[in-house]
Amino acid sequence: MKYISTRGQVEAQGFIDTVLMGLADDGGLMIPAEIPHITPETLKEWSKLSYKELFLQIFALYTNQEIPDEDLKNMVDKSYASFRDSEITPVNKIDDSLYILELFHGPTFAFKDVALQFMGEFYSYVSKKQNKIIHILGATSGDTGAAAIQGVRGKEGIKICILHPHNKVSKVQELQMTTVDDQNVLNLSVKGNFDDCQKIIKDQFADLEFKSKHNLRAINSINFLRILAQTVYYFYAYFQIEQGDQPKKVNISVPSGNFGNIFSGFLAKKMGLPIHKLIIATNENNILERFVKTGEYKPGDFKSTHSPSMDIQVASNFERYLYYFLDQDAAKVSAIMKKFQDDGKIVFNAEDLVRVQADFVAYGASNEQCLELISKYKDNSDYLLDPHTACGIAAYEAYNGEEEICISFATAHPAKFNEAIEQCDIKQEFPAEIKNLFSKSQHQLVIDHNKEDIVRELEAFYEK
Ligand SMILES: *Cc1c(COP(=O)(O)O)cnc(C)c1O
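Given the structure is predicted, the values throughout are model-derived calculations rather than measurements. (Residues numbered from 1 in each chain as written. Predicted model: local features only at pLDDT ≥ 70, side-chain atom pairs only at ≥ 80, totals over all residues. Heavy atoms only, no water.)

Peer 1: Tell me about the site of the ligand, and name the residues and values.
Peer 2: In the vicinity of the ligand there are 15 residues, among which Lys112, Asp143, Gly257, Asn258 and Thr411 approach most closely. Asn261 places a main-chain nitrogen or oxygen 2.9 Å from an oxygen atom of the ligand. Out of a free accessible area of 380 Å², the ligand has 98% covered by protein chains. When its residues are assigned to classes, the shell around the ligand shows five nonpolar, eight polar and two charged. (Near = heavy atom within 4 Å. Polar contact = N/O pair within 3.5 Å; in protein donor to acceptor, adjacent residues only side chain to side chain. Areas by Shrake-Rupley, 256 points an atom, 1.4 Å probe, with all protein chains shown as cover. Nonpolar A, V, L, I, M, F, W, Y, C, P; charged D, E, K, R; others polar.)

Have a look at this one:
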């Protein structure tokens, strides 16, 4: 399996080099040159596998044996040892039409642990193998940073710097990142919003000289490793559904921001997992909803919501979908992305829109609806949704058809976003791991949204 860029200007790469590259050197995103197809017979065999076994089967199709089986197995075992549920991502049945896939049983209580615990092991493995220090640089709206830091803290051969928007992440997210005192971790709290942070990171990665000088590596969802690790639970969840004699159609509803998680679903579907509809759930930052409904992809005004990890205007993985949508024509992708940069929008015609709607439906939940649903599911089903998960449920309620089953993703534990839960007058028990955070001291540098200052801090950290 070789990997190529959505913009067509990068020489084909192997698996490890693809992960190390992160953002493609031509500014595009790396994708497999062809997507392996899983036959229904194989799907049937896979349906009996444990989460970790399934992980190994899926990765075997993508890694070209660049990592020996034994090593990969070790990494997977270590990655998921930190999960509090033996199933890693258990499925919870709410009623005959709704299942909730709980993706929050990792160390930071959000779905990003699933991919980033593995990514930490992967970078540590590569650093040892290549005998070279890896510098991870990332921007976060809260959950990625916490999960990435937990994935690599204290590991030899890796240093990590994470930018987060100052005072725009939840208290627990902030504490999860900043109470880590390992020497290989630097937290920059930037006076700006997430898109400001992401822009700075993108610029540093686009500066190929800087990137190579510092052996800079990405943890953002632009990294194909994250996409691939996330496909595992789409398969796993699908296999946990109880189907009677007359199998029902299965939809999947995904609280979305950067289009990373849902793109993993798109990949799983292309591999042959018979998902009926991929439901994109957003909050009031609804660029993706507007796109699927009107064909116009255009960032709107930034809004702070109860689900800050989805407060994103430019969905960085969107380009991967665009590539497949445009029949894998890299020249067309480049032209459209160029136009997007110039005009600030992409507009699809009516015919194209029909094709988009064959892949996706989308729904944006308002802040108010989000809180209503948290109360409703607590009252009726005794299940406490976090505000991101509630957006997924709103989309499920809007789109799931009669006689269809929906797997709605729970992307975070409610304790992580108690600000919203309190507004519903619900008092929750905090898990001990979260309770303990409040008494620890914080380590972070509050910094202006100024690229030069930030780069100076970075270089000082790398040279330490
Ligand atoms: C990151 C995140 C999302 C959005 O995922 P994307 O891959 O960016 O679409 C949703 N919910 C939670 C809790 C998250 O941390």
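That was the structure; now back to the text.
Peer 1: Pulling in residues and values, what's your account of the sheet that holds strand β6 (residues 158–165)?
Peer 2: Taken in spatial order, the five strands of this open sheet run β8-β5-β6-β7-β15, and their pairing is parallel. Strands with a single pairing partner mark the edges of an open sheet, and in this sheet they are β8 (216–218) and β15 (445–448). Neighbour-to-neighbour, the strand axes of the sheet open up by a mean angle of 30 degrees, direction not taken into account. Bridge count between β6 and strand β7 (residues 185–191): six bridges; the pairing is parallel. Bridged to His164 within β7 is Ser189. Where helix α6 (residues 143–152) meets the sheet, it contacts β5 (134–139), β6 and β7, and its direction lies at approximately 165 degrees from that of β6. (Pairing = 2+ DSSP bridges. Helix = DSSP H or I, 4+ residues; strand = E, 2+ residues; numbered from the N terminus. Axes fitted to C-alpha atoms, helices over the stretch in contact; angles between N-to-C directions. Contact = heavy atoms within 4.5 Å.)

Peer 1: Give a detailed account of unusual backbone geometry, specifying residues and quantitative values.
Peer 2: We note that Gln65 has phi near 55 degrees; this positive angle belongs to a residue other than glycine. Among the secondary structure elements, Gln65 is positioned in the loop between α3 (51–60) and α4 (69–81). Judged by relative accessible area, Gln65 falls into the exposed class, the value being 63%. The backbone of Asn215 sits at a positive phi, close to 50 degrees, despite the residue not being glycine. Residue placement: Asn215 occurs in the loop between α9 (208–213) and β8. (Buried < 20%, exposed > 50% of the residue type's maximum accessible area, 1.4 Å probe, protein only.)

Peer 1: Outline the pairing of strand β13 (residues 360–364), listing residues and values.
Peer 2: Here β13 lies mainly inside the structure; five of its five residues are buried. The pairing of strand β10 (residues 278–282) with β13 spans five bridges and is classified as parallel. In the sheet register, Leu278 faces β13, and the bridge partner there is Phe360.

Peer 1: Provide a residue-level description of the sheet that holds β13, including the pertinent values.
Peer 2: Sheet architecture is open: six strands sit in the order β3-β4-β14-β9-β10-β13, paired in mixed fashion. In this open sheet, the two edge strands, each paired with only one partner strand, are β3 (91–95) and β13. The sheet shows a mean angle of 25 degrees between the axes of neighbouring strands, taken without regard to direction.

Peer 1: Describe the environment of Thr89, listing the residues and the values that go with them.
Peer 2: Among the secondary structure elements, Thr89 is positioned in the loop between α4 and β3. Taking relative accessible area as the criterion, Thr89 reaches 0% and is therefore assigned buried. The spatial distance from the C-alpha of Thr89 to the C-alpha of Leu101 is 6.6 Å, given a sequence separation of 12 residues. Dropping the residues within four chain positions of it, Thr89 is found in contact with Tyr51, Leu101, Glu102, Leu103, Val114, Tyr233 and Tyr236.

Peer 1: Describe the packing of α3 against helix α10 (residues 224–240), naming the residues involved and giving the relevant values.
Peer 2: At a minimum axis separation of 9 Å, α3 and α10 run at an interaxial angle of 130 degrees. The orientation of α3 relative to α10 falls into the category oblique. Note on packing geometry: the crossing formed by α3 with α10 is right-handed. On the side of α3, the interface is formed by Tyr51, Leu54, Phe55, Ile58 and Phe59, while α10 contributes Leu225, Leu228, Ala229, Thr231, Val232, Tyr233, Phe235, Tyr236 and Phe239. (Parallel < 35°, antiparallel > 145°, perpendicular 65-115°, else oblique. Left-handed = near helix turned anticlockwise from the far one by under 90°.)

Peer 1: Residues and numbers for α6, please.
Peer 2: Burial analysis of α6 places nine of its 10 residues in the buried class, the great majority of the element. Inspection of α6 places Asp143, Thr144, Gly145, Ala146, Ala147, Ala148, Ile149, Gly151 and Val152 among the buried residues, and these make up the whole buried set.

Peer 1: Would you mind going over the UniProt feature "domain: Tryptophan synthase beta chain-like PALP" (unreviewed entry) in the chain in detail, with residue names and values included?
Peer 2: As annotated in UniProt, the feature "domain: Tryptophan synthase beta chain-like PALP" (unreviewed entry) corresponds to residues 98–396 in the numbering used here. Helix makes up 50% of residues 98–396 and strand 17%, with an end-to-end C-alpha separation of 8 Å. (UniProt positions renumbered as here; feature names shortened; annotations may be inferred.)

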